[in-house]
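Here are the chains, one letter per residue:
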Amino acid sequence: MSWRVVSRFALQGVAVALVASLVGLLVWQMTTKDAGAGLVGAVEDGEKPAAPPLDLPALDGDERISLAAYRGKAVVLNFWASWCEPCKREAPMLEQAWRRYRARGLVVLGVDAQDFERDARRFVERYGLTYPIAYDGPGESLPRYGLSGFPETWWVDRRGRLVAYSRGEFTRAELQRNIERALESA
Amino acid sequence: MIRTLAVLAGALVLAAPAAAQDCATLADLEDELICPTCNTTLELSRSPVAERMRDYIRERTATCATKQAIKAELVAQFGEEVLAAPPKSGFNWLAWVLPLAGLAVAGVVVTVLARRWLRERAAAAPVVHSARVDPELERRVDDELARFDA
């Protein structure tokens, strides 16, 4: 086989490998970015998919907050930002729920995302929030949970499964109904 | 003494604009940053987070912060996705190099193909034999032209 033929095959191989790797990169990006896209539909269909892992720094210190650490408790997972108007109305309701239900094994876990840390701390102080809050400035956890805006809330049962979801501002009745559902889910 | 003071004053006057150039402005940064919730540049977005970022930039430009410093602070809060163009470092170099490399490869491929095509075309062209004009015909043409000129 002549050198010319060999070099032509080599060039074609390199071109095919390059295109294949770019397609692979695109598929990987699409699958990892939209990993949570199916969660909302699954919960609306009555399924209880496992909550995606969540491990973020705490807003008020150097510790980390992990959802896995709350296994055995029901969790209200609320995604918010200080610049979000409905979040300001939800915050007092979440604080009340945390105080009222914590003895029954409920944890309210806030995730502040796409926000200035300083603004988030002011928000926590202004509304007197005492439940744990994680900070996710770049918002990396949002696509994993299929989120598209603020506020959005997931209710997680004691076995770490997603049992209810709210896009946008929830009502007091919706909050309580879903808390009961998360606490009683078997 | 007066001359020394004049020289110092002149140096200060010249140095002031140079120092002022390091201070960023909102306009400098608005098209280089992305609003995290809407994925457009800051200058095109009126979302609440974009407004908050603009406020922050105004606060920092009021203290004469540099463009690099403000960008670094925003990256620390919102991640590298907040930058409209990836930084020229590490893996992000690929984003700058690959398009240029692609253009260069495409240029080489087009050149090679064009040269090959021209070569093949030249090889396939019919051979033109020497077009020597018949002397009798040449004489008649000259005569006709001379008659025409007269």
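Within each chain, residues carry numbers counting from 1 in the order of the written sequence. Chain letters and ligand numbers both follow the written order, the letters beginning at A and the numbers at 1. Totals for whole chains, interfaces and linings use every residue, but because this is a predicted model, local features are given only for residues with pLDDT of at least 70 and side-chain atom pairs only at 80 or more, for both listing and counting.

Structural notes on the interface of chain A and chain B
Distance between backbone-placed C-beta atoms decides contact: two residues are in contact if it is within 7 Å. Across the contact, nine residues belong to chain A and ten residues belong to chain B. Polar here means any residue other than Ala, Val, Leu, Ile, Met, Phe, Trp, Tyr, Cys and Pro, which are nonpolar, and Asp, Glu, Lys and Arg, which are charged; Gly is therefore polar. A per-class count over the side of chain A that touches chain B returns five nonpolar, three polar and one charged.

A closer look at the environment of Thr41 of chain B
Residue and element names in this part refer to chain B. Think of it this way: any DSSP run of H or I at least four residues long counts as a helix, any run of E at least two long counts as a strand, and we number them from the N terminus. When you line up the elements, Thr41 lands in the loop between α2 (26-30) and α3 (48-62). Put plainly, a residue is buried at 20 or more neighbouring C-beta atoms within 10 Å of its own, exposed at 12 or fewer, and partly exposed in between, counting only other residues' C-beta atoms, which are placed from the backbone. The class for Thr41 is partly exposed, based on 16 C-beta atoms found within 10 Å. Through-space distance from the C-alpha of Thr41 to that of Glu30 is 6.8 Å; in sequence the pair is eleven residues apart. Contact partners of Thr41, with chain neighbours within four places excluded, come to Glu30, Asp31, Leu33, Ile34 and Ala84.

Focus: the sheet that holds strand β5 (residues 133-136) of chain A
All names here are of chain A. Reading across from one edge, β5-β4-β3-β6-β7 is the order of the five strands in this open sheet, with mixed pairing throughout. If you trace the sheet from one side to the other, it starts and ends with β5 and β7 (162-167), each paired once. Averaged over neighbouring strand pairs, the angle between their axes works out to 15° when direction is ignored. Here strand β3 (residues 74-80) runs beside strand β6 (residues 152-156); their pairing, made up of five bridges, is antiparallel. In the sheet register, Asn78 faces β6, and the bridge partner there is Thr153. The pairing criterion for strands is at least two bridges between them, as found by DSSP. The convention used is that axes are lines fitted to C-alpha atoms, helices contributing only their stretch in contact, and that angles between N-to-C directions extend from 0 to 180 degrees.

As for the environment of Thr66 of chain B
All names here are of chain B. With respect to the helices and strands, Thr66 occurs in the loop between α3 and α4 (67-78). Residue Thr66 is classed as partly exposed on the basis of its 15 C-beta neighbours within 10 Å. When the C-alpha atoms of Thr66 and Met53 are compared, they prove to be 16 Å apart, with 13 residues separating the residues in sequence.

Some details on the packing of helix α3 (residues 85-101) of chain A against helix α6 (residues 172-184) of chain A
Residue and element names in this part refer to chain A. One can describe the packing of α3 onto α6 by two numbers: an axis separation of 11 Å at closest approach and a directional angle of 35°. Note that α3 runs across α6; the crossing there is right-handed. Residues Met93, Ala97 and Tyr101 of α3 touch α6, and the partners they reach there are Arg172, Leu175 and Ile179. Considering only residue class, the contact of α3 with α6 consists of five nonpolar, no polar and one charged. Each crossing gets its handedness from the near helix: less than a right angle anticlockwise from the far helix is left-handed, clockwise is right-handed.

So, the pairing of strand β4 (residues 106-113) of chain A
All names here are of chain A. With respect to burial, β4 is a largely interior element, seven of its eight residues being buried. Inspection of the sheet shows β3 paired to β4 by seven bridges, in the parallel sense. Among the inter-strand pairings, Leu77 is bridged to a residue of β4, identified as Leu109. Viewed along the sheet, the connection from β3 through α3 into β4 turns out right-handed. As defined by bridge partners, β4 adjoins β5 across four bridges and the pair is classed as parallel. In the strand pairing of β5, Gly110 is matched with Ile133. Viewed with both strands pointing away, a crossover whose connecting path from the first strand over the helix to the second turns clockwise is right-handed.

What about the confidence of the model for chain B?
Residues and elements named next belong to chain B. In this model, chain B carries a mean pLDDT of 82, and residues with pLDDT of at least 70 account for 76%. Confidence, read as mean pLDDT per element, is least for helix α1 (residues 2-21) in chain B (51) and greatest for α3 (96). Here residues 12-18 is modelled with pLDDT under 50, and outside its nearest four sequence neighbours on either side it reaches zero contacts, counting other chains as well. Across the whole predicted complex the pTM is 0.71, and at the interface the ipTM reaches 0.76. pLDDT: the predictor's confidence for each residue, scored from 0 to 100.

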